[in-house]
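Spelled out, the chains give:
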Amino acid sequence: MVQKIVTDLQTGKTFDRDKGVKTFNNKYQKLGTKKNPATVYVQTEERKKEVHAVFQENNWVSKIIIAPDQPEDISTLEVLLNPVQTKINEHNIGRNDPCYCGSEQKFKKCCANKKG
């Protein structure tokens, strides 16, 4: 099982695999840069060339490892291709406003407690 957050005890570097962000001395390093290259495991040389072309096209720094005995892992490439979108709150109401669900109660008495 893959850990979500990995910390190197000697250097103090941490890596959150869901966000693709590496920290070093409390400074964030973006995935696909020189300080935080995207690591990808592929099985064949042909696949390495295909993946390398995608990285070159987008100007990302990568570390592509050929491992024929392991399954292909291109999760970091998928994170770069599909970045996490910022979630916008569609219900921008105050706690004393009427609730958006239509119950005719104040938001603080109705749906604010359900979100907790």
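Cut-offs used in this document
- Residues numbered from 1 in each chain as written.
- Predicted model: local features only at pLDDT ≥ 70, side-chain atom pairs only at ≥ 80, totals over all residues.
- Heavy atoms only, no water.
- Helix = DSSP H or I, 4+ residues; strand = E, 2+ residues; numbered from the N terminus.
- Buried < 20%, exposed > 50% of the residue type's maximum accessible area, 1.4 Å probe, protein only.
- Contact = heavy atoms within 4.5 Å.
- Pairing = 2+ DSSP bridges.
- Right-handed = clockwise from strand over helix to strand, strands pointing away.
- Phe/Tyr/Trp six-rings, centres within 6.5 Å; stacked < 30°, edge-to-face > 60°.
- Polar contact = N/O pair within 3.5 Å; in protein donor to acceptor, adjacent residues only side chain to side chain.
- Core = buried A, V, L, I, M, F, W, Y, C linked by side-chain atoms within 4.5 Å.

Below, the discussion takes up the environment of L80. Here L80 shows up in helix α2 (residues 75-81). The exposure class of L80 is buried, given its relative accessible area of 14%. With residues near it in sequence (within four places) discarded, L80 still touches L31, G32, A38, F55 and W60.

Now for the pairing of strand β6 (residues 62-66). Looking at chain direction, strand β5 (residues 38-42) and β6 are connected through 5 bridges and run parallel. Each residue of the ladder has a partner; that of V42, found in β6, is I66. With helix α1 (residues 45-57) bridging β5 and the parallel β6, this β-α-β connection has right-handed handedness.

Next up on the list: the packing of aromatic side chains. Tallied over the full model, the rule gives 1 aromatic pair. On the basis of an interplanar angle of 75° and a centroid distance of 6.3 Å, the ring pair of F55 and W60 is categorised as edge-to-face.

Our focus in this paragraph is the environment of D69. Mapped onto the fold, D69 is located in the loop between β6 and α2. Accessibility expressed as a relative area gives 70% for D69, which makes it exposed. Once the C-alpha coordinates of D69 and Q43 are considered, the two residues, 26 residues apart in sequence, prove to be 7.4 Å apart.

With that settled, consider the side chain of T76. Mapping T76 onto the fold places it in helix α2. Accessibility expressed as a relative area gives 14% for T76, which makes it buried. A polar contact is formed between the side chain of T76 and the backbone oxygen of T39, at a distance of 2.9 Å. Contact partners of T76, with chain neighbours within four places excluded, come to L31, A38, T39 and V40.

Counting 10 residues, the largest nonpolar core is built from L31, A38, V40, V42, V51, F55, I64, I74, L77 and L80. Broken down by secondary-structure element, the contributors of at least two residues to this core are β5, α1 and α2. It is β5 that provides the largest number of residues to this core, a total of 3 residues. What I64 contacts, discounting residues up to four positions off in sequence, is V40, V42, K48, V51, H52 and F55.

Take unusual backbone geometry next. Unlike most non-glycine residues, N59 shows phi in positive territory, near 60°. Positionally, N59 belongs in the loop between α1 and β6. For N59, a relative accessible area of 69% puts it in the exposed group. Of note, E104 is a non-glycine position whose phi angle comes to about 65°, a positive value. One can find E104 in the loop between α2 and α3 (112-115). Exposure remark for E104: the relative accessible area of 77% places this residue in the exposed category.

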